[in-house]
Amino acid sequence: MNIGIIAHLKHPIRKPYMGGLEAFTHDVCLRLKNRGHQITLYASELSDPALNVRVIMSDTDYDRETFSRFRSHELSEEFISTHHAYLELMQDIDGQGHDIIFNNSLNYVPITMASLIQTPMLTVLHTPPIFELKRAIRHEKKRGQIRYVSVSRPNAEAWRPFVGDCEVVSNGVDTTRWTFVDQPTGGYVLWFGRIHPDKGTHLAIQAAKEAGRKIKIAGSIADRSYFDIYVQPLLDDSVELVGNCSHEQLNHYIGNADVSVITPCWDEPFGLVVAESLACGTPVAGIARGALPSILCEKSGCLTSSSSPSELARCINQAALLNRADCRQRAESELDVERMVDAYEQLFAQLISTPSLVYAN
C-alpha cells in the first residue's frame, strides 16, 4: 500500500520523544515501512529522515530549550502557521498517489477538507473531544468521507456524540525492546513522563512520601512554572530527578522500580507509560482517570478514584505486592505494537478495497 501519514506539528517526529504521539507516529511509520508499504510522513523539518519525511513546516523557529514552536509564544502565530501548512498539504495530497491517508494531525484542517479529496482517509482520535475537532467532525459527518478510530474504549465513548460508534485500536509498545525485570533492585518507585500539570507529578511525590518510599522522577520539565510552584518545594533526599532519559536508561529505571506511579489529572485517552511499565514487569499505582482503568487489570495495577496522596500511597503499597510476570503478560497480550499495526493494516486494506466502509459509522 502507498500510505500518506499526516503528523501533528507541535514537535518534530524523532527521538527523544516529547510525548506519546511522537512515539506512536514514529513507531507506526517504521513498522509499516518494514512490512513493505510505501510511506510518506508529512511532518516538520527536524523529523527523522528514515520516515521518508515530506516537510510541510520549517523548524527554524523550533526552540529546543523550551520545546516550543515559536520563541515569541504567540498562540496566533503558531495557529496560523499550522493552519496554512495543513491547508497547502490538503490542496495537493490527492496528487501524491496514496492509496490511503492516515491522519494523526489533531488538527481540524484535514478533516474539514476531506470532502475535497478522493483518497480514503482514516483519522485517529488521540485526544478527548476538543472544540475545533468537534466542530470539524460534526460538519464532516454529514458527508461521511472519513473513518474514525479511537485509541481506547473510554475515549471512544467520549467521542460517541460526534462520531457515533468507532473502532478501537489500543496503542502499543515494542515489548521486545523493554527488558522484563523479575527481581527489581532499586528500592524506589518511579514516576516518568513530561513534568506538566496534566501529569500530576507533585501528587506522585506526595504519595510516595506518605507510603514511606523513595521516588525517582524521569522526564523533561514541560511546564517550568508548574515545576517551580508545585514540584520544587517537595524535593528532598527522598526524591531524585534523573531528567530526560535514553531508552536504555529508562528501561533500567522502570525495570528496577517496585512500582510505577501514574497520576493523570485529565482524561488521558491512553498513556504509553502504562504499557512501557508493564512491559518491564513493573506494576502500576495510579489515579483512575481516562483510559487507565481500561488498560490495567487487577493483576497489573491498583487504582484510586481519588487524587488524595494518602489513597494513592495505599495503592503504591498494594501494587508492590503484585506478580511482575502477570504485568509482563498483560503487556504482551494486550499492548504490543505489532498487534496495533496489524489492526491498522487491516483497516487500511478494508477502506482501500471497499471505500463505502467509511459510511459504516
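In this text the structure is predicted, and so the values were computed from the model without any measurement.

Visitor: Can you walk me through the overall build of the protein in this structure?
Guide: Scanning the protein from terminus to terminus reveals 13 helices and 13 strands. Since a compact globule built from 361 residues should have a radius of gyration of about 21 Å, the 21 Å found for the protein is in line with a globular shape. With respect to the three principal axes, the spread of C-alpha positions in the protein is 60 × 45 × 35 Å. Residues counted as buried form 53% of the 361 residues belonging to the protein. In the protein, the proportion of contacts linking residues at least 24 apart, taken out of those at least 6 apart, comes to 69%. Surface accessibility of the protein: about 15,500 Å² in total, with carbon and sulfur atoms responsible for 48%. Looking at the protein, you have 34 positive and 43 negative side-chain charges, and the mean spots of the two groups are 3 Å apart.

Visitor: Sorry, what's going on with the nonpolar core here?
Guide: Nonpolar side chains tend to gather and get buried jointly when the protein is soluble and globular. Core analysis: the largest hydrophobic core is formed by 56 residues, its most contacted members being Phe 102 and Tyr 344. Take this core: its biggest share by element is seven residues, from helix H13 (residues 337-353). When neighbours within four sequence positions are excluded, Phe 102 is seen to be in contact with Ile 3, Gly 4, Ile 5, Ile 6, Phe 24, Val 28, Leu 122, Val 124, Tyr 344 and Phe 348. With 29 residues, the next largest nonpolar core counts Met 90, Tyr 108, Ile 137 and Cys 166 among its residues.

Visitor: How should the environment of Pro 12 be read in this particular structure?
Guide: Mapped onto the secondary structure, Pro 12 falls in the loop between strand S1 (2-6) and helix H1 (20-34). Since its relative accessible area comes to 8%, Pro 12 is described here as buried. In the structure, Pro 12 is positioned 46 residues away from Ser 58 in sequence and 10.0 Å away in space, judged by C-alpha atoms.

Visitor: Mind showing me how you'd approach the packing of aromatic side chains here?
Guide: Aromatic ring pairs: the centre-centre distance and the angle between the two ring planes describe each pair. Under the counting rule described, the total for this entry stands at eight aromatic pairs. When the centroid spacing of 6.4 Å and the interplanar angle of 55° are considered together, the rings of Phe 24 and Phe 102 count as tilted. Of this pair, Phe 24 sits in helix H1 while Phe 102 sits in strand S4 (residues 100-103); the two residues are 78 residues apart in sequence, bridging distant segments of the chain. The two residues Phe 24 and Phe 102 agree in class, both being buried. Across the ring face of Tyr 188, the terminal group of Lys 216 is positioned such that the distance to the ring centre comes to 4.9 Å.

Visitor: Can you help me understand the sheet that holds strand S8 (residues 188-192) in this one?
Guide: In space, the six strands of this open sheet follow the order S10-S9-S8-S11-S12-S13, with parallel pairing throughout. The open sheet terminates on both sides in strands that have one partner only, identified here as strand S10 (239-243) and strand S13 (301-304). The average undirected angle you get between the axes of adjacent strands in this sheet is 25°. Sheet topology places S8 next to strand S11 (residues 259-262); two bridges connect them, and they run parallel.

Visitor: It is not clear to me how the pattern of salt bridges should be interpreted in this structure. Could you clarify?
Guide: If the charged atoms of two oppositely charged side chains come close together, the side chains can form a pair. This structure, assessed with the given rule, holds 18 salt bridges. Residue Glu 338 is joined to Arg 31 by a salt bridge in which the shortest nitrogen-to-oxygen separation is 2.6 Å. Pair noted here: Glu 338 is in helix H13 and Arg 31 is in helix H1, with a separation of 307 residues, a long-range link. Taking the relative accessible area as the measure of exposure, Glu 338 reaches 32% and is therefore partly exposed. The shortest N-O distance in the salt bridge between Arg 147 and Glu 167 comes to 2.8 Å.

Visitor: Explain the environment of Asp 99 to me, please; I cannot follow it from the model alone.
Guide: Relative to the elements of secondary structure, Asp 99 occurs in the loop between helix H2 (75-92) and S4. With 167 residues separating them in the primary sequence, Asp 99 and Trp 266 have C-alpha atoms 36 Å apart. In contact with Asp 99, not counting residues within four places along its chain, are Met 1, Asn 2, Thr 119, Pro 120 and Ile 352.

Visitor: Would you mind showing me how to read the layout of surface pockets here?
Guide: A water-sized probe rolled over the atoms picks out the places where empty space is left. Estimates place the volume of the second largest pocket at around 280 Å³. In terms of lining residues, the second largest pocket is bounded by 18 residues, among which Val 169, Ser 170, Glu 334, Leu 335 and Arg 339 are the most central. Elements represented by at least two residues in the lining of the second largest pocket include exactly helix H5 (153-163), helix H10 (292-295), helix H12 (324-334) and H13. Ranked by residues supplied to the lining of the second largest pocket, first place goes to H13 with three residues.

Visitor: Would you mind showing me how to read the packing of helix H6 (residues 201-210) against helix H7 (residues 224-231) here?
Guide: Helices that pack against each other are described as a pair by the angle of their axes relative to one another and the distance between those axes. Between H6 and H7, the shortest axis-to-axis distance is 10 Å and the interhelical angle comes to 25°. Viewed along their axes, H6 and H7 adopt a mutual orientation that is roughly parallel. Crossing geometry of H6 relative to H7 is assigned as right-handed. Note on element contacts: H7 touches H6 through Tyr 226, Tyr 230 and Val 231, opposite Thr 201, His 202 and Ile 205. When its residues are assigned to classes, the contact of H6 with H7 shows four nonpolar, two polar and no charged.

Visitor: Would you take a moment to explain H12 for this structure?
Guide: One turn of the α-helix equals 3.6 residues, which is why residues spaced by three or four share an orientation. For H12, every residue scored as buried is listed here: Arg 324, Cys 327, Arg 328, Arg 330 and Ala 331. The arc enclosing the buried residues of H12, seen along the axis, measures out at 155°, which places them on a common side. The secondary structure elements touched by the buried residues of H12 are helix H8 (247-255), helix H9 (272-279) and H10. A distance of 2.7 Å separates the backbone nitrogen of Ala 325 from a side-chain oxygen at the start of H12, and that oxygen is part of Asn 323.

Definitions and limits used
Residues numbered from 1 in each chain as written. Predicted model: local features only at pLDDT ≥ 70, side-chain atom pairs only at ≥ 80, totals over all residues. Heavy atoms only, no water. Helix = DSSP H or I, 4+ residues; strand = E, 2+ residues; numbered from the N terminus. Rg over C-alpha atoms; globule rule 2.2 N^0.38 Å. Buried < 20%, exposed > 50% of the residue type's maximum accessible area, 1.4 Å probe, protein only. Contact = heavy atoms within 4.5 Å. Areas by Shrake-Rupley, 256 points an atom, 1.4 Å probe, with all protein chains shown as cover. Lys, Arg positive; Asp, Glu negative; His and termini not counted. Charge placed at Lys NZ, Arg CZ, Asp CG, Glu CD. Core = buried A, V, L, I, M, F, W, Y, C linked by side-chain atoms within 4.5 Å. Phe/Tyr/Trp six-rings, centres within 6.5 Å; stacked < 30°, edge-to-face > 60°. Lys NZ or Arg CZ within 6 Å of the ring centre and 35° of its normal. Pairing = 2+ DSSP bridges. Axes fitted to C-alpha atoms, helices over the stretch in contact; angles between N-to-C directions. Salt bridge = Lys/Arg side-chain N within 4 Å of Asp/Glu carboxyl O. 1 Å grid on protein atoms, 1.4 Å probe; cavity = no way out; pocket = protein on both sides within 12 Å on 5 of 7 lines; lining within 4 Å. Points joined across faces, edges and corners; volume = space filled by probe spheres on them. Parallel < 35°, antiparallel > 145°, perpendicular 65-115°, else oblique. Left-handed = near helix turned anticlockwise from the far one by under 90°. Nonpolar A, V, L, I, M, F, W, Y, C, P; charged D, E, K, R; others polar. Arc of directions from axis to C-beta. Polar contact = N/O pair within 3.5 Å; in protein donor to acceptor, adjacent residues only side chain to side chain.

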